[in-house]
Number of protein chains: 2
Amino acid sequence: MSVGPDEWETYFHNNEPPGNLEDVKSSVDRFVKEHGASNRKIALVTSGGTTVPLESNTVRFVDNFSAGNRGSSSTEYFLLNGYAVIFMHREKSLLPYLRHFHFQNFLDWFKLTSSVEQQASLELSVSSELHDRLVKQLSVYEKVKKENRLLHISFTTVTEYLFLLKAIAKIFDRLGAIGIFYLAAAVSDFYLPAPEMPEHKIQSTGALSITMKQVPKLLSPLVREWAPKAFTVSFKLETNKDLLISKAKQAIERYQHQVVIANQLDTRKRMVVLVTSSDEKIIDMSDAELTQGQEIEQKIVEDIVKQHNLFIASS
Amino acid sequence: MSVGPDEWETYFHNNEPPGNLEDVKSSVDRFVKEHGASNRKIALVTSGGTTVPLESNTVRFVDNFSAGNRGSSSTEYFLLNGYAVIFMHREKSLLPYLRHFHFQNFLDWFKLTSSVEQQASLELSVSSELHDRLVKQLSVYEKVKKENRLLHISFTTVTEYLFLLKAIAKIFDRLGAIGIFYLAAAVSDFYLPAPEMPEHKIQSTGALSITMKQVPKLLSPLVREWAPKAFTVSFKLETNKDLLISKAKQAIERYQHQVVIANQLDTRKRMVVLVTSSDEKIIDMSDAELTQGQEIEQKIVEDIVKQHNLFIASS
């Protein structure tokens, strides 16, 4: 069941590109030119899940569970390692630096006080813990912002994701080996072809049957056609650990890219396996490290950066 | 195709109640006792969409488009009209008062400054527009909070929603006519029965077929059994306007509750129709009102409050 370029052409032919595609291309182009000129390494990090609309006037859609933890935290560590990062994320998923704040109680952070002139005025009355967290994140964020090293691009549907990824990959290709794809998004494996999609909300009489087609695997054209010179890291998530490593190895053999990060849904914050064509390396966290609030993404990104440096040196 | 109590019993029998059900019951019980004792009117507002998991170790799920605008804004207007409100919302959907803030640029609201002792310190440097908005929302929110008039309850799946609604309805029933259900949540019409759900992530080979069953309509047991003395408002959302009013009337006849608010996906912020057994009333917004930032929920809630007062007087 090989997936050739024909299937891709059909997919892109049968689906509409997102309205902001040209804008995204221009801003990525500027970003890549700026950082490519100083030979800075650039990562495209994808993050969060994609949706599959079930109606063209969308009320219902299939979604993939992903808050965007892996992608948003890894982005911070790539930035810490000096990279410029295009953070391509699901709209409203977790964002780098902002992910450390929970806004449900946001209004409780403030107090209204009456000034002498009897006008209501505002006082920020945050806990010392929150104050310290703000100072900590701001001190990193302000530097990244000043150096213009973080570009946000958002998507919602699987089709938007695929059009954007293809367009960005073709721009990335000019970077050669200093470009890295770190594909942490949970992309839907299935989609509902536009011609089979009802225009209006499905009526709720009787049972509902949906038959979805397989989304062509994007790694195939990414590695072979769109950006063959880049360093590519993909993720494999399974809930069944017996399948995990064999499926990761299979992916490396099939697509011939550099690394598959294999992780299981219930242990993904504690253990992953980095699978390459010659190696399987376990990265894990001790209880002590987790208690201290350390994150596995720091170790993952450090390892990937080392591999990326070797890759650049050898190309 | 009538939906009797048997179907409900089967549904609740075949699905697991949420883990926090007893906690929710206790906090709703306390809330209802406190406000019922002072004869304050109490609204249960539901808000946001429900999910339908496709796997028991959930990676994929079907979701309903709803940011929670209608529910969260209506909650503010019920509070403004003196009600106590149980805001039963989809986790991470829009919240009353907080919905006025967009947190994507949150870190840009602050500046780090160096104090004389060379320690980093924090300065809130918000625009005057944001400052005014904060003062405006805080001045309302602080009063509501002091009077303990707003209780947050959250759900994610359609099953959680249904278990919680049933439990809360049975507590509400003690309130008689001063209780109002304002069911703005976009509840899934379909679900995947637990026995038919695969344990692990669906493998992405070939096509995916899903067959879902119809969720029993909750209005039927709500109005007849769980809380027959309350005032009940349901919503009907369609994308096809030709179906809208006829389906709303059908619902009123079938379930014998007080009001259906009929709205269309693309015009829902500009026009709704309030359908009762004897009347159809259009509520709409002029361009001028919309430009000034007024919201249709203010008018809707004012009308519902009037009807609710008449209902209380006549019961």
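Described in the following lines is the structure provided in the data block. Everything numeric here is computed off the predicted structure, so don't read it as measured data. (Residues numbered from 1 in each chain as written. Chains lettered and ligands numbered in written order. Predicted model: local features only at pLDDT ≥ 70, side-chain atom pairs only at ≥ 80, totals over all residues. Heavy atoms only, no water.)

## Points about the overall build of chain A
Inference 1: A tally of regular secondary structure across chain A gives 9 helices and 14 strands.
Inference 2: Relative to its length of 315 residues, chain A is compact, with a C-alpha radius of gyration of 22 Å against a globular reference of 20 Å.
Inference 3: Taken across its 315 residues, chain A has 54% of its residues classed as buried.
Inference 4: For chain A, restricting intrachain contacts to residue pairs at least 6 apart in sequence, the fraction spanning at least 24 positions comes to 72%.
Inference 5: A total of about 14500 Å² of accessible surface is found on chain A, and carbon and sulfur atoms cover 49% of it.
Inference 6: Computing the positive centroid from 36 side-chain charges and the negative centroid from 38, chain A places the two 3 Å apart. (Helix = DSSP H or I, 4+ residues; strand = E, 2+ residues; numbered from the N terminus. Rg over C-alpha atoms; globule rule 2.2 N^0.38 Å. Buried < 20%, exposed > 50% of the residue type's maximum accessible area, 1.4 Å probe, protein only. Contact = heavy atoms within 4.5 Å. Areas by Shrake-Rupley, 256 points an atom, 1.4 Å probe, with all protein chains shown as cover. Lys, Arg positive; Asp, Glu negative; His and termini not counted. Charge placed at Lys NZ, Arg CZ, Asp CG, Glu CD.)

## Notes on the interface of chain B and chain A
Inference 1: Taken residue by residue, the interface counts 59 residues in chain B and 58 residues in chain A.
Inference 2: The contact between chain B and chain A buries some 5700 Å² in all, and 64% of this surface belongs to carbon and sulfur atoms.
Inference 3: Summed over the shared surface of chain B and chain A, the result is 4 salt bridges.
Inference 4: The shortest N-O distance in the salt bridge between Asp189 of chain B and Arg60 of chain A comes to 2.5 Å.
Inference 5: The interface formed by chain B and chain A includes 13 residue pairs in polar contact (both at pLDDT 80 or more). (Buried area = accessible area lost by both parts, 1.4 Å probe. Salt bridge = Lys/Arg side-chain N within 4 Å of Asp/Glu carboxyl O. Polar contact = N/O pair within 3.5 Å; in protein donor to acceptor, adjacent residues only side chain to side chain.)

## A few points about unusual backbone geometry
All names here are of chain A.
Inference 1: Non-glycine residue Asn39 carries a positive phi angle of around 60°.
Inference 2: With respect to the secondary-structure elements, Asn39 resides in the loop between helix H2 (21-37) and strand S1 (42-47).
Inference 3: Positive phi values are uncommon outside glycine, yet Asn148 reaches one of about 50°.
Inference 4: The residue Asn148 is located in the loop between helix H4 (128-146) and strand S7 (150-155) in this model.
Inference 5: On the basis of relative accessible area, Asn148 is assigned to the partly exposed category, the value being 35%.

## What to know about the relation of the copies chain B and chain A
Inference 1: With an RMSD of 0.0 Å, chain B superimposes on chain A once it is rotated by 180° and translated 0.0 Å along the axis. A rotation of that kind, with that shift, is consistent with a two-fold axis. For chain B, the smallest separation between a C-alpha atom and the rotation axis is recorded for Val62 of chain B, amounting to 2.1 Å.
Inference 2: Of the residues that chain B buries at the interface, 98% are likewise interface residues in chain A, meaning the two copies contact each other through the same surface. (Least-squares fit on C-alpha atoms with pLDDT ≥ 70 in both.)

## Examining the pairing of strand S3 (residues 60-64) of chain B
Inference 1: Within S3 of chain B, 5 of the 5 residues are buried, which leaves it mostly tucked inside the rest of the structure.
Inference 2: The side-chain alternation of S3 of chain B yields two buried faces, one formed by Arg60, Val62 and Asn64 of chain B and the other by Phe61 and Asp63 of chain B.
Inference 3: In the sheet, strand S3 (residues 60-64) of chain A pairs with S3 of chain B via 5 bridges, with the strands oriented antiparallel. Within S3 of chain B, the position partnered with Val62 of chain A by the bridge is Val62 of chain B. (Pairing = 2+ DSSP bridges.)

## Points about the environment of Ser234 of chain A
Residues and elements named next belong to chain A.
Inference 1: Here Ser234 is to be found in strand S11 (residues 231-238).
Inference 2: For the pair Ser234 and Leu218, spaced 16 residues apart in sequence, the C-alpha to C-alpha distance is 10 Å.
Inference 3: Excluding residues within four positions of it along the chain, Ser234 makes contact with Leu183, Leu219, His257, Val259, Val260 and Ile261.

## Some remarks on the sheet that holds S3 of chain B
Inference 1: Reading across from one edge, S2(A)-S3(A)-S3(B)-S2(B) is the order of the 4 strands in this open sheet, with antiparallel pairing throughout. With partners counted over all chains shown, the strands left at the sheet margins are strand S2 (51-53) of chain A together with strand S2 (51-53) of chain B, one partner each. Averaged over neighbouring strand pairs, the angle between their axes works out to 25° when direction is ignored.
Inference 2: Relative to S3 of chain B, S2 of chain B is paired through 3 bridges, and the arrangement is antiparallel. By the bridge assignment for S3 of chain B, Thr51 of chain B is matched with Asp63 of chain B. (Axes fitted to C-alpha atoms, helices over the stretch in contact; angles between N-to-C directions.)

## Let's talk about the sheet that holds strand S9 (residues 190-191) of chain B
Inference 1: One open sheet accounts for 4 strands, arranged S9(A)-S10(A)-S10(B)-S9(B); its pairing is antiparallel. A strand with exactly one partner marks an edge of an open sheet, and here the two such strands are strand S9 (190-191) of chain A together with S9 of chain B.

## Considering the nonpolar core
Inference 1: Formed by 117 residues in total, the largest nonpolar core has its most connected members in Ile86 of chain A together with Ile86 and Tyr161 of chain B.
Inference 2: Residues contacting Ile86 of chain B, with those up to four places away along its chain left out, are Val28, Phe31, Val32, Ala43, Leu44, Val45, Leu151, Ile153, Ile168 and Phe172 of chain B.
Inference 3: Counting 91 residues, the second largest nonpolar core, distinct from the first, contains Leu98 of chain A together with Val45, Leu107 and Phe110 of chain B. (Core = buried A, V, L, I, M, F, W, Y, C linked by side-chain atoms within 4.5 Å.)

## Focus on the packing of helix H3 (residues 69-80) of chain B against helix H9 (residues 296-314) of chain B
Residue and element names in this part refer to chain B.
Inference 1: Where H3 contacts H9, the axes come no closer than 9 Å and their chain directions differ by 55°. Taken together, the axes of H3 and H9 lie oblique to each other. For the crossing formed where H3 meets H9, the hand is right-handed. Contacts from Arg70, Ser73, Ser74, Tyr77 and Phe78 in H3 reach Ile296, Glu297, Gln298, Ile300, Val301, Ile304 and Val305 in H9.
Inference 2: Among the residues forming the contact of H3 with H9, the class breakdown is 7 nonpolar, 3 polar and 2 charged. (Parallel < 35°, antiparallel > 145°, perpendicular 65-115°, else oblique. Left-handed = near helix turned anticlockwise from the far one by under 90°. Nonpolar A, V, L, I, M, F, W, Y, C, P; charged D, E, K, R; others polar.)

## A look at the environment of Phe106 of chain B
Inference 1: Note that Phe106 of chain B resides in the loop between strand S4 (84-90) and strand S5 (110-114).
Inference 2: The spatial distance from the C-alpha of Phe106 of chain B to the C-alpha of Val126 of chain B is 9.6 Å, given a sequence separation of 20 residues.
Inference 3: Every residue in contact with Phe106 of chain B, bar those within four places of it in the chain, is listed here: Leu98, Phe101, Phe103, Phe106, Trp109 and Leu134 of chain A.

## Some thoughts on the pattern of salt bridges
Inference 1: All told, the structure shown has 37 salt bridges over all chains when counted by the stated rule.
Inference 2: When the shortest N-O distance is used, the salt bridge between Glu289 of chain A and Lys299 of chain A registers 2.9 Å. Note that Glu289 of chain A is positioned in helix H8 (residues 287-291) and Lys299 of chain A in helix H9 (residues 296-313), a separation of 10 residues in sequence.
Inference 3: Each of Asp189 and Lys217 of chain A together with Glu55 and Arg60 of chain B takes part in a single network of salt bridges with overlapping partners.

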